[in-house]
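Analysis of the macromolecular model
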Amino acid sequence: MALWVDRYRPRSLGDLDYHPELSDRLRALAEGDFPHTLFYGPSGAGKKTRIMATLRELFGPGVEKIRIEQRTFLTPSKRKLDVNIVQSNYHIEITPSDVGNYDRSVVQEVLKDIAQTQQVDLNAKKRFKVVIINEADGLSRDAQSALRRTMEKFTSSLRVILCANSTSKIIGPIRSRCLLLRVGAPSEEQICKVLQSVAKQESVGVPDHVATLVSRISYGNLRRAILSLEALHTQDPSFKTIKPDHSLLSTGKQDSRDIDAVPRPDWEKYAAKAAERILSEQSPESLLAVRGMFYELLVHCIPAPLVLATITRRLLDRVDEDLKADVAYWSAFYDHRLRQGSKHIFHLEAFAAKIMTIHKQHSLGFTE
Ligand SMILES: Nc1ncnc2c1ncn2[C@@H]1O[C@H](COP(=O)(O)OP(=O)(O)OP(=O)(O)O)[C@@H](O)[C@H]1O
């Protein structure tokens with residue numbers, strides 16, 4: 001049985017629950033000559049859902065008849081590369097991280113192929129086909145240059161829709177050829193509304209304080225909110241364990257007892273423990289232990305920027321008011337380093353060491 005996130009994913013622009021102005025804009029664009037677009041925004045904000053709804057607006061329900069094809073590409077060194085490609089009669093979807101270092105060859109081949117074949121469906125509402133590139137901020141510079149050239153060459157038969165978390169890793173020439181559309185994270189109230197509507201369709205009664213709590217711990221990530229609600233419902237169908245006076249609801253802060261009180265992924269609980277460790281003991285041994293915990297998270301494929309963001313959030317809930325600005329500053333500082341460098345563990349460890357220093361100085365009454 002499908003998960004709630006999949007079962008209740010809105011399919012058309014009219015069904016989207018929030019950002020109505022963006023839906024109106026997309027509808028207007030779909031009526032005309034749709035441009036190349038770049039959808040960007042945080043994870044779980046609904047980018048992919050919005051892209052699929054736009055495609056449906058462009059071509060009708062036929063875009064949902066999806067098939068997965070295995071294609072073989074030849075790399076410049078003549079190695080064969082098997083890639084799964086998701087496509088309908090009207091669009092094709094690629095995820096560059098699936099192909100590692102060979103993203104340039106794949107992007108070039110796929111785009112050229114699709115650009116040179118005419119729209120087969122003569123009744124199609126649009127003459128062009130669409131290429132969706134997921135995780136576009138993961139494309140190498142080489143692949144981005146190739147993409148840019150192809151976009152210029154085949155504008156009449158092809159539209160590119162890029163999906164990314166931020167625009168910062170997309171090269172200027174691509175950004176300037178695309179319409180940038182920001183899909184912001186839904187607010188707490190908007191998430192609560194979606195949760196209540198999902199619950200209603202499942203005929204499950206969700207008390208308001210439970211919806212608020214679940215949306216508060218998902219930090220704007222709707223997918224996580226829906227997954228958490230479903231997990232919570234499976235564990236405790238009547239939601240009795242969550243009391244209306246839960247500390248997170250009254251103070252907005254999490255304390256260490258909350259780590260296990262609300263359903264959340266194991267890795268996140270583990271990251272929260274690393275944050276607690278940073279605050280509880282500031283010594284070389286403690287730093288070594290925290291480093292070990294970071295390693296553990298990284299080898300389980302949790303992206304380093306996400307680890308940093310999760311730990312920062314936890315720290316911000318726990319440190320003194322005076323230290324909050326410093327924690328946010330150093331988090332942004334090391335986030336930048338992380339994105340520039342390649343050895344993530346160094347920067348995570350440096351962040352932990354920095355926080356230990358400022359925390360210790362603060363508790364001893366020193367100021368820098
Ligand atoms: N407008 C909406 N109304 C109701 N539910 C939505 C809406 N947009 C998205 N959702 C729900 O949120 C889930 C996550 O959305 P989606 O996969 O589109 O996010 P995303 O921004 O592409 O995330 P990521 O960047 O992590 O891939 C969907 O499975 C869907 O159930």
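No experiment lies behind these values; they were computed from the predicted model shown. (Residues numbered from 1 in each chain as written. Predicted model: local features only at pLDDT ≥ 70, side-chain atom pairs only at ≥ 80, totals over all residues.)

Quick word on the overall build of the protein
Put simply, the rule is: Segments assigned H or I by DSSP are reported as helices when at least four residues long, segments assigned E as strands when at least two residues long, and all are numbered from the N terminus. Here the radius of gyration uses the C-alpha set of atoms, whereas the globule reference equals 2.2 Å times the residue count to the power 0.38. Exposure classification rests on a simple neighbour count of other C-beta atoms within 10 Å of a residue's own: a residue reaching 20 or more is buried, one at 12 or fewer is exposed, and one in between is partly exposed. C-beta atoms are placed from the backbone.
The helix and strand inventory of the protein stands at 15 helices and seven strands. Relative to a compact globule of 368 residues, whose C-alpha radius of gyration would be 21 Å, the protein shows 23 Å and is just as compact. Each of the three principal axes of the protein carries a C-alpha extent, and together these read 70 × 50 × 35 Å. Looking at the protein residue by residue over its 368 residues, the buried ones come to 33%.

Remarks on the site of the ligand
Put simply, the test is: Nearness rests on one distance test: the residue's C-beta atom, set from the backbone, must lie within 6 Å of the molecule or strand. Residue polarity follows a fixed list, in which Ala, Val, Leu, Ile, Met, Phe, Trp, Tyr, Cys and Pro are nonpolar, Asp, Glu, Lys and Arg are charged, and the others, Gly among them, are polar. Where each domain starts and ends follows an automatic or database-derived domain assignment.
Around the ligand, the structure places 18 residues, and the nearest of them are S43, G46, K47, K48 and T49. Counting only elements with at least two residues in the shell around the ligand, the list comes to helix 3 (47-59) and helix 9 (222-235). A class-by-class count of the residues in the shell around the ligand yields nine nonpolar, four polar and five charged. Two domains share the shell around the ligand, each providing at least three of its residues, namely domain 1 (4-182) and domain 2 (186-264).

Thoughts on the packing of helix 12 (residues 284-299) against helix 15 (residues 344-363)
Heads up, the rule is: The angle between two axes is taken between their N-to-C directions and runs from 0 to 180 degrees, where each axis is a line fitted to C-alpha atoms and a helix contributes only its stretch in contact. Working rule for handedness: look at the near helix, and if it is turned counterclockwise from the far one by less than a right angle, call the crossing left-handed; if clockwise, right-handed. We call two residues in contact whenever the C-beta atoms placed from their backbones are within 7 Å.
Packing of helix 12 against helix 15 leaves a shortest axis separation of 10 Å and a crossing angle of 145°. Between helix 12 and helix 15 lies a crossing of right-handed hand. Within the contact between the two elements, helix 12 uses L287, V290, R291, F294, Y295 and L298 and helix 15 uses H344, I345, L348, E349, A352, A353 and M356. Residue composition of the contact of helix 12 with helix 15, by class: ten nonpolar, one polar and two charged.

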